[in-house]
Amino acid sequence: MGLTKDLSFQDFEADFKVFHELMPNRIRKVLLVLSLFDAFILEEGGSLTSKIVSEYRGLNLSHPPRLVRVPSGKEALKILKTTDFDLVITLPQVDDMDYFTLGREIKKINPHLPVILLTHSLKGICSDPRELAVNGIDKMFLWSVDPDFLMSLVKNVEDHLNAAADTRTAMVRVIILVEDSPYYRSRFLPFLYREIVQQTQAVLDESLNQEHRLLKMRARPKILVAENYEDAISLYNRYQPFVFAVLSDVRFPKKSKLTDNTGVSLLRKIRRQTPDLPLLLLSSEPGNKQHAARIPATFIDKNSQSLNDEIEAFFLAHLGFGDFIFRNPDGVVIGNAANLHAFENTIRILPAESLKYHAMGNHFSHWVMARSEIGLAALLDKNRLSAIVDLEELRHDIVSKIHLLRKCRQLGVVAPFDSKDFDPAIMDFVTIGKGSLGGKALGLAFMAAQFRNNLELFDKFPGIAIKIPQTCVITTDGFDAFVTHNSLNLQKLPDKDQDIADLFLQAQMPEWLEKELSDYLAHINTPLSIRSSSLLEDAQYKPYAGLFETFMIPNNHEYFKVRLTHLLASVKLVFASSCFAGPRAFSKAVQTTGRESMAVIIQHLVGSHHGEYYYPAISGVAQSHNYYPFGNVQPEEGTAMIALGFGKTVVEGEKSLRFTPKYQKILPQFSTVEDMLNYSQRYFYALRIKDYPESLKFSKNSNLEKRELADAEQEFPVQRLCSTYFPEENRIRDSFNPGPKVLTFANVLKHGIFPLPEILIELLAIGRKGMGCPVEIEFSADLSEKDHSGDFFFLQIRPMVAGNERLKVEITEEEIQKAFCYSQESMGFAHDRKISEIVYVKPDSFDPAQTRRIADEIKKINALLSKDNQPYLLIGPGRWGSADPWLGIPVQWQDISGVGAMIELRNEQLKADPSQGSHFFHNITSLGIPYITVTEGKDILDWQWLSSIPVIEETRYLRHVCLKKPFTLKVDGAGTRQCVMITDRE
């Protein structure tokens, strides 16, 4: 993750837990004691309650108070005895008593209930704070009908109630306003609150979601009001470490006597104690500007026509709400930063004297705190930074902390791509366009969010980076724009996939999309994977696994134009694949009614450079539900299949290593030395990144090369993951010595150099919990050459169909005895399913070298049966759908789209491991097609009876037969895993 020493994401993410503890004392219910006439004036033009709710919503604040109005003091006292209120606001005279009497009586009922006096005029009103306090009045203001004003009163009472706890809990900053005039207090407070709220919202990280933004608003600076010198000094002394600024009048009481220049004395005293604190002197006498200069403090004339603008300028310049202004110690401006990204980059190159000036002046901490980044503000506090003497070490410390915060804030965030603000170092997931992400990308976005919600995952595996590769998604409106721009009629395309691909390649990319892709590619110089993410892909029961195209490009050509050409061609061909025969056949099978559209994922290709090639050390698939558990392994303990190099080996059903993450050292596939030699991976896929043709072919997987293990013995992943066979001993040792190499992954599974099984257990649990059903994930990993560390990349998640466990299927001993087929390894469910048609590979004609021809024959029979809507049982040896023709028959989905059930024969001739890690397998199970494994010598398949059934059609390798009366299929995939096929064989 690139975390700094002793810091992790959780140090910053814990901020959000702190925010929940802030502002515990809320003003939720306000009693307004108003005469009928005053109430009439207030309600003119609409309800005051509606106005204040609207004001809160307009400022994006939570918890607007409820207002309750009574017309007399008598009714106010009556309701206060039976109902709890948080604040009382009264005018000087109500129907039956004056404000002094009302205030005293309220305090008798509840001494701690704040009471605020509002007055239309100061004439005849006592303004002495001491006398007001004696008579139960806490504060006095001049009344304004504006709900903005009422909001500021409520917020100010809340601030006084919460300041002590919030500064202690989260170092929340405090602004002290010293003003004895009710007129100016009433004028300043609404403006100050609106300014504080708007400026805080303006600088909050845009990546935050709405909940986090509302939480962070709780950490906005508190505004505390003092009316005399003693109260001001008391507030300053109490909150000195957290004081953000002091705004002071010039003339106000000191020792109960109104004194000239009291404010000047106050600010001078504060300046001596806190030299870098922003101070503002407010006065209606312009001559006081000279006093302000000598403090020094900013000066603003209270009578200025632009008073609000000048106060706003003070906030921006001194309180961190605007750009950070970098200066030399002599005050000369040398740069600015509008956001944390620019802030970090500027500090990297900032002159040492300026770095020290700002760090020791606490300017960094203040600016960050204005953005409610509590954790970072504490880490950048001058008292902490002063312990670092070396300036370059100081620079590294500050930059690393800012970078980690930015990385944390971006974790799990999907952001629109903007070339000006894009930072590939932290922005892992961006989008081009405003449409849907499509199924596959939505799964990635979901897991990115889960990573953020499970930060403890990263602490469990120190030194291991667990992440989603850097990702850019072209949303579905890119596909729609491409189709519209080129006037493509998706209902009248050529029949052949290649003709469709050629048509899309010749089409023009919309100008806006090409520009966005060009801008994105300019930031990226790693090999790329261009993957599909259709609207229906990876949806539950409709996964479309492996039916669309994926392309891998080196992205390292010396000419950018060539790199862009490769990217555009890849995107067009992924678009085109949505119209290919395979997806069309699958859509028909799942009876899709929604509009198909295609998003495209452009992703950093996981791997490392090894000579002329690029590939990851490990790729694989893991499932939270194991269809074929062995021994004491339980289905819910899951399974995984891994291979060296790119995951094509696994997802297309070629030789790979299967294990249960919880029992990673138990490998039935490698039970004997002979098994290890026969069934270990001998080939792997890698991307050529040197001397590749400038005009890439872009046929399926054409950019990947199939390499022999023996050709890569000098490359690090092979040396780290292979064991050595000693023929003279007929033994395999978990070491890399001279002799034949066997890919056992022993260093990972047995010796724990990389915690792959443990990571898979955690991620499968997170995915299973998050999706509410069994899940399948795809992943890749790279190992470090220096130590036992590395990078784990999460590539994909999709829901699995583990079967309808609620469906009870009972298979009796009598049914087993009557069955022409009986298996103890089956997937899916069937309860009295009827099938008449059977297509099987003739045992006496089968030739492992001719599996591609067999696939072609199946395709033709499938087309006829599908046309007549006749589901059929398909029987054949080896792993169905395997890309390796020596492991089984390499059919694709469109070749068997009408199948009703499948039998995989396992014998000595073809003894492949179960195919549950492949895309083909996933599509079969998602459609509820029972998949049965019949092991010779263990299970039953009555070949003699099958051969006696009248033939409908016979080819060189196949026989198609039809029963006069359908057989009954029963499959119990979640219980006994048994399957029986029963018919009257007379």
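### Digging into the overall build of the chain
- For the chain, the count of helices and strands is 35 helices and 43 strands.
- Carbon and sulfur atoms make up 49% of the accessible area of the chain, which amounts to about 40,900 Å² in all.

### Side note on the sheet that holds strand β11 (residues 279–283)
- In spatial order, the strands read β7-β6-β8-β11-β12; together these five strands make up an open sheet with parallel pairing. If you trace the sheet from one side to the other, it starts and ends with β7 (222–226) and β12 (298–301), each paired once. Shown here is a sheet whose adjacent strand axes are inclined to one another by a mean of 20°, direction ignored.
- With five bridges connecting them, strand β6 (residues 174–178) and β7 associate as parallel partners. Looking at β7, one finds that Ile175 is bridged to Ile223.
- In the packing of helix α11 (residues 262–273) onto the sheet, contacts are made with β6, β8 (243–249) and β11, and the angle to β11 comes to roughly 175°.
- Of the strands in this sheet, β6, β8, β11 and β12 are in contact with helix α13 (residues 307–318), which crosses β12 at around 165°.

### A short note on the nonpolar core
- Judged by nonpolar contacts, the single largest core of 72 residues is most densely connected at Ile618, Phe754 and Leu756.
- When neighbours within four sequence positions are excluded, Ile618 is seen to be in contact with Ile642, Ala643, Gly645, Leu721, Phe745, Val748, Leu756, Phe779, Ser780 and Ala781.

### So, the packing of helix α24 (residues 511–521) against helix α25 (residues 560–577)
- Where α24 contacts α25, the axes come no closer than 10 Å and their chain directions differ by 120°. Classified by the angle between their axes, α24 and α25 sit oblique to one another. Considering the relative orientation of α24 and α25, their crossing is right-handed. Along its contact with α24, which presents Glu514, Leu517, Ser518 and Leu521, the element α25 presents Phe560, Arg563, Leu564, Leu567 and Leu568.

### Topic: the packing of helix α4 (residues 73–80) against helix α5 (residues 99–109)
- Where α4 contacts α5, the axes come no closer than 10 Å and their chain directions differ by 10°. Accordingly, the angle class assigned to the pair α4 and α5 is roughly parallel. Residues Gly73, Ala76, Leu77 and Leu80 of α4 pack against Leu102, Glu105, Ile106 and Ile109 of α5.
- Taken together, the residues of the contact of α4 with α5 break down into six nonpolar, one polar and one charged.

### A look at the packing of aromatic side chains
- On inspection of all chains with the given rule, the structure shows 24 aromatic pairs.
- Ring geometry for Phe324 and Phe326: centres 4.6 Å apart, planes at 50°, overall tilted.
- The interplanar angle of 35° and the centroid separation of 4.6 Å between the aromatic rings of Phe820 and Trp945 together place this pair among those described as tilted. With a gap of 125 residues between them, Phe820 in strand β34 (residues 819–823) and Trp945 in helix α35 (residues 943–947) connect regions that are remote in the sequence. In this structure, Phe820 and Trp945 share a single accessibility class: buried.
- Here a set of aromatic residues connected by ring pairs shows up, and it is made of Phe324, Phe326, Phe343, Phe364 and Trp367.
- Across the ring face of Tyr683, the terminal group of Lys706 is positioned such that the distance to the ring centre comes to 5.1 Å.

### Topic: helix α14 (residues 340–349)
- Of the residues making up α14, those classed as buried are Leu340, His341, Phe343, Glu344, Thr346 and Ile347.
- Close packing links the buried residues of α14 with β13 (324–327), β14 (333–337), α15 (352–360), α16 (363–369) and α19 (391–410).
- Where α14 begins, one side-chain oxygen reaches toward the backbone nitrogen of His341, 3.2 Å away; that side chain belongs to Asn339.

### Some words on the sheet that holds strand β25 (residues 639–643)
- The sheet built from six strands is open, its strands ordered β17-β33-β32-β24-β25-β26 with mixed pairing. The open sheet is flanked by β17 (464–467) and β26 (657–659), the only strands paired with a single partner. Neighbour to neighbour, the strand axes of the sheet diverge by 20° on average, direction disregarded.
- Pairing between β25 and β26: three bridges, direction antiparallel. By the bridge assignment for β26, Met641 is matched with Arg658.

### A few points about the pairing of strand β27 (residues 683–688)
- The buried fraction of β27 amounts to five of the six residues, a majority that puts the element mostly inside the structure.
- When strand β23 (residues 613–615) meets β27, the two strands line up antiparallel, connected through two bridges. Paired with Tyr613 across the strands is Arg688, a residue of β27.
- Looking at chain direction, β27 and strand β28 (residues 704–708) are connected through five bridges and run antiparallel. What sits directly across from Ala686, in β28, is Glu705.

### A few points about the environment of Ser487
- Within the fold, Ser487 resides in the loop between α22 (476–485) and α23 (497–506).
- Residue Ser487 is classed as exposed on the basis of its relative accessible area of 65%.
- With 20 residues separating them along the chain, Ser487 and Ala507 place their C-alpha atoms 9.5 Å apart.

### Some thoughts on α13
- For α13, spanning 12 residues, the distance from its first C-alpha to its last is 16 Å, which sits close to the expected 16 Å at 1.5 Å a residue.
- Among the residues making up α13, those that are buried are Leu307, Ile311, Phe314 and Phe315. Here the buried residues of α13 occupy an arc of 100° about the axis, which is enough to place them on one side. With respect to the buried face of α13, the exposed residues turned more than 90 degrees away are Asp309 and Ala317.

### Observations regarding the confidence of the model for the chain
- A residue-level look at the chain finds 87% of positions with pLDDT of 70 or above and a mean pLDDT of 84.
- Within the model, pLDDT remains below 50 along residues 1–6, and this stretch shows 10 contacts once partners closer than five positions in the same chain are excluded.

### A look at the pattern of salt bridges
- With the rule as written, the count across this model stands at 35 salt bridges.
- Residues Lys139 and Glu227 are paired through a salt bridge, measuring 3.6 Å at the closest nitrogen-oxygen approach. Placement of the pair is Lys139 in strand β5 (residues 139–142) and Glu227 in the loop between β7 and α10 (229–239), with a sequence separation of 88 residues. Judged on exposure class, the residue Lys139 and its partner Glu227 are both buried.

### Looking at the side chain of Asn228
- Turning to its location among the elements, Asn228 is positioned in the loop between β7 and α10.
- Classification of Asn228 as buried rests on a relative accessible area of 16%.
- Setting aside residues up to four positions removed in sequence, Asn228 forms contacts with Val178, Phe252 and Pro253.

### Structural notes on the environment of Arg26
- Its place among the elements puts Arg26 in the loop between α1 (9–21) and β1 (29–33).
- Separated by 128 residues in the primary sequence, Arg26 and Val154 place their C-alpha atoms 9.0 Å from one another.

### A few points about unusual backbone geometry
- Omega for the bond connecting Ile295 with Pro296 falls within 30 degrees of zero, at -5°, which places this linkage in the cis form.
- Along the chain, the position of Pro296 falls in the loop between α12 (289–294) and β12.
- Positioned with a positive phi, Asn555 is a non-glycine residue whose angle comes to about 55°.
- Assignment of secondary structure puts Asn555 in the loop between β20 (550–553) and α25.
- Among the residues examined, Asn555 registers a relative accessible area of 3% and is labelled buried.
- Notably, Phe745 is not glycine yet its phi reads approximately 60°, a positive angle.
- Looking at where Phe745 falls in the secondary structure, it is placed in the loop between β31 (741–743) and α30 (746–749).
- With a relative accessible area of 1%, Phe745 lands in the buried category.

Analysis parameters
- Residues numbered from 1 in each chain as written.
- Predicted model: local features only at pLDDT ≥ 70, side-chain atom pairs only at ≥ 80, totals over all residues.
- Heavy atoms only, no water.
- Helix = DSSP H or I, 4+ residues; strand = E, 2+ residues; numbered from the N terminus.
- Areas by Shrake-Rupley, 256 points an atom, 1.4 Å probe, with all protein chains shown as cover.
- Pairing = 2+ DSSP bridges.
- Axes fitted to C-alpha atoms, helices over the stretch in contact; angles between N-to-C directions.
- Contact = heavy atoms within 4.5 Å.
- Core = buried A, V, L, I, M, F, W, Y, C linked by side-chain atoms within 4.5 Å.
- Buried < 20%, exposed > 50% of the residue type's maximum accessible area, 1.4 Å probe, protein only.
- Parallel < 35°, antiparallel > 145°, perpendicular 65-115°, else oblique.
- Left-handed = near helix turned anticlockwise from the far one by under 90°.
- Nonpolar A, V, L, I, M, F, W, Y, C, P; charged D, E, K, R; others polar.
- Phe/Tyr/Trp six-rings, centres within 6.5 Å; stacked < 30°, edge-to-face > 60°.
- Lys NZ or Arg CZ within 6 Å of the ring centre and 35° of its normal.
- Polar contact = N/O pair within 3.5 Å; in protein donor to acceptor, adjacent residues only side chain to side chain.
- Expected span 1.5 Å × (residues − 1).
- Arc of directions from axis to C-beta.
- pLDDT = per-residue confidence, 0-100.
- Salt bridge = Lys/Arg side-chain N within 4 Å of Asp/Glu carboxyl O.

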